[in-house]
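# Topology and contacts: notes
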Amino acid sequence: MFKFWKKNENKNENPDQEVNLEEGLSEEEIREEVSDDASQDQGIDEVALQEEVKEEGSQERDLIEGTLEEDTEEEKAQVEEEEEIENVDIQADEEIREEETIEEEIIEEEIIEEVDGDGSQDPDQEEGQEKMGIFARLLAGLSKTKDNITGRIDSLLKSYTKIDEELLEDLEEILITADVGVTTTMEIIDRLRDMIKERGVKDPLEVRDLLKEIVASILKEGNSELDINPGPAVIVMVGVNGVGKTTTIGKLAQRYKKDGKKVMLAAADTFRAAATEQLDIWAKRIDVDIIKHHEGADPGAVVFDAIKASQARKVDLLICDTAGRLHNKANLMNELGKIFKIIDREYPEAKKEVLLVVDATTGQNAVSQAKTFKEVANITGIVLTKLDGTAKGGVVLAVKSEVDVPVKLIGVGERAEDLQSFDADSFTDAIFG
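Model, not experiment: these values are computed from the prediction. (Residues numbered from 1 in each chain as written. Predicted model: local features only at pLDDT ≥ 70, side-chain atom pairs only at ≥ 80, totals over all residues. Heavy atoms only, no water.)

Another point: the overall build of the protein chain. Along its length, the protein chain carries 16 helices and eight strands. A total of 433 residues make up the protein chain; the buried ones form 40% of that total. Within the protein chain, contacts between residues separated by at least 24 positions form 77% of all contacts whose residues are at least 6 apart in sequence. (Helix = DSSP H or I, 4+ residues; strand = E, 2+ residues; numbered from the N terminus. Buried < 20%, exposed > 50% of the residue type's maximum accessible area, 1.4 Å probe, protein only. Contact = heavy atoms within 4.5 Å.)

A few words on a nonpolar patch on the surface. Together, I176, V182 and M186 make up an exposed nonpolar region whose accessible area comes to about 230 Å². Following the sequence through the fold, I176 ends up in helix 7 (residues 165-177). (Patch = residues over 30% accessible without salt bridge, like charges linked within 9 Å, V, L, I, M, F, W, Y side chains within 5 Å. Areas by Shrake-Rupley, 256 points an atom, 1.4 Å probe, with all protein chains shown as cover. Salt bridge = Lys/Arg side-chain N within 4 Å of Asp/Glu carboxyl O.)

To continue, consider the confidence of the model for the protein chain. The share of residues in the protein chain with pLDDT of 70 or more is 68%, and the mean pLDDT across the chain is 75. Every residue in residues 1-25 scores below 50 in pLDDT, and together they form seven contacts with partners more than four places removed in sequence or on other chains. pLDDT under 50 marks residues 99-108. Its contacts with residues more than four places away, or in other chains, come to one contact. (pLDDT = per-residue confidence, 0-100.)

Bringing the sheet that holds strand 1 (residues 233-238) into the picture now. In spatial order, the strands read 3-2-4-1-5-6-7-8; together these eight strands make up an open sheet with mixed pairing. The sheet terminates laterally at strand 3 (289-291) and strand 8 (419-421), the two strands that pair on one side only. Strand after strand, the sheet turns through a mean of 25 degrees between neighbouring axes, direction not considered. Bridge count between strand 1 and strand 4 (residues 317-321): five bridges; the pairing is parallel. Residue pairing for strand 4: V236 is matched across the bridge by C320. (Pairing = 2+ DSSP bridges. Axes fitted to C-alpha atoms, helices over the stretch in contact; angles between N-to-C directions.)

Bringing helix 14 (residues 364-376) into the picture now. Over its 13 residues, helix 14 runs 19 Å from end to end, which matches the ideal 18 Å to within 8%, given 1.5 Å per residue. Considered for burial, the residues of helix 14 that qualify are A366, V367, Q369, A370, F373 and V376. (Expected span 1.5 Å × (residues − 1).)

Moving on, we come to the pairing of strand 7 (residues 407-411). Strand residues, when the strand is regular, have side chains that alternate between the two faces of the sheet. By the criterion of burial, strand 7 is predominantly enclosed, with five of the five residues buried. Bridge count between strand 6 (residues 381-385) and strand 7: three bridges; the pairing is parallel. Across the sheet, residue I382 finds its bridge partner in strand 7, namely V407. Bridge count for strand 7 against strand 8 is three bridges, and the pairing is antiparallel. The partner of I410 across the bridge, within strand 8, is Q420.

What follows covers the pattern of salt bridges. This structure, assessed with the given rule, holds 24 salt bridges. In this structure, E346 and R345 form a salt bridge, with 2.8 Å as the shortest nitrogen-oxygen distance.

Take the environment of V315 next. Mapping V315 onto the fold places it in the loop between helix 12 (299-313) and strand 4. Sequence separation between V315 and D289 is 26 residues; the distance between their C-alpha atoms is 9.6 Å. Here V315 is in contact with P232, K262, V263, M264, S310 and Y347, once residues within four sequence places are set aside.

With that out of the way, let us pick up the packing of helix 8 (residues 182-199) against helix 15 (residues 395-403). The interhelical angle for the contact between helix 8 and helix 15, taken along N-to-C directions, is 90 degrees, at an axis separation of 8 Å. Judged by the inter-axis angle, helix 8 sits roughly perpendicular to helix 15. Residues V182, T183, T184, E187 and I188 of helix 8 lie in contact with helix 15, whose contacting residues are L397, A398, S401 and E402. Split into classes, the residues belonging to the contact of helix 8 with helix 15 amount to four nonpolar, three polar and two charged. (Parallel < 35°, antiparallel > 145°, perpendicular 65-115°, else oblique. Nonpolar A, V, L, I, M, F, W, Y, C, P; charged D, E, K, R; others polar.)

This brings us to helix 15. The buried fraction of helix 15 amounts to seven of the nine residues, a majority that puts the element mostly inside the structure. Looking at helix 15, one finds that the buried residues are V395, V396, L397, A398, V399, K400 and V403. Turning to helix 15, the residues buried within the fold contact helix 8, helix 9 (207-219), helix 14, strand 6, strand 7 and helix 16 (424-432). Looking one or two places after helix 15, you find D404, whose phi comes out positive at around 60 degrees.

Their axes nearest at 10 Å, the elements helix 6 (residues 143-158) and helix 9 cross at an angle of 145 degrees. Contacts between helix 6 and helix 9 pair K146, T150, I153, D154 and L157 from the former with V207, R208 and L211 from the latter. Of the residues belonging to the contact of helix 6 with helix 9, the class tally is four nonpolar, one polar and three charged.

Turning our eyes to something else, we now look at the nonpolar core. One finds L265, I319 and L384 to be the most contacted residues of the largest nonpolar core, which totals 107 residues. It is helix 9 that contributes the most residues to this core, seven residues altogether. If sequence neighbours within four positions are ignored, I319 has contacts with I235, M237, I249, L252, A253, V263, M264, L265 and A266. (Core = buried A, V, L, I, M, F, W, Y, C linked by side-chain atoms within 4.5 Å.)

This part takes up the environment of T428. In this fold, T428 is placed in helix 16. For T428, a relative accessible area of 2% corresponds to the buried category. Distance from T428 to K146, taken between C-alpha atoms, is 9.8 Å for residues 282 residues apart in sequence. If sequence neighbours within four positions are ignored, T428 has contacts with K212, V215, A216, L219 and G433.

The following block contains the structure:
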């Protein structure tokens, strides 16, 4: 009993100690345990803090790296875009240069083909080719016109048994539709009517010979020969663009060079793009001298230099190309007037021809052009080109009759030999047979 009380008394004196003793832990062990717990807590806090700091640092680093990566990608994209734009600009420039080069090559090829097609082949090649006579070429070139005029006239005359006004009216229609022109046609029919009465012609088939006689008489009026002998001589070529003016100059220069003349060209059409280049290619192909300035230069200055060069080199024939502007008649008049004044003043010893080039395929428009140019220039002759490409060769009569200027040259084909001096009898024979 006493031991039990004593034991309880000891317990009551220090309950905590008793508990600790019961658990078998000393005070020192408790302190160590508390210290370990605190250390563990501190370690956990430090680890957590470190992990948190590390995580925040990682997030910040990732954010910075992401921002830098985005900035780098944006800069890279911008650089790529700029490079792409630059490449596109370079490619565009290259394409433009390539197109310009191709265009220039095409123009030059077309001109060279045109020159070659017009008979400027090598002499050896020409010798190996069969050559047609001048009249045979004329006949072949005027075949469409012959079919359109005399072919229809023959059919008409065969359908009539007598000559009356109805027959004359049908003849009048055929001539007008062949672009002989209303005024010229009326003149022909009036003369035909008078000849029928005077000669007492009764057979409709005989009317064909009367028509041929009238046409020949109209075409023979005026001098159709070029007045360039003896030299020196100047030919000034005028006409609108597209009628074959430059080609005619090249063919003419080739013809007279073959005849032994010393020929020079003057590129005074400085208004139309590529006009000088075309003439320059002709000059090189047929090996004649050419005087040229830059595009837009004063045509009078080109002609002046050409005259001085012709005099110094003792040239027999100077052929001058000119601009063909009709949309502003005043400018055309001033330009041509200045050229003619320079020729008269600087080259008084030279014979002069002013040839108007017109396209026969344009029909009555060729007559209108001839009338307009006659108002601004003293035209001495007309060159009718592309007669082989039209059935309306009757425009030769209209031009001769209505403009009152002789036709001096005609083009009946692509070769140089197809540019022929106009002969009224040969032309009439080729049409009427």
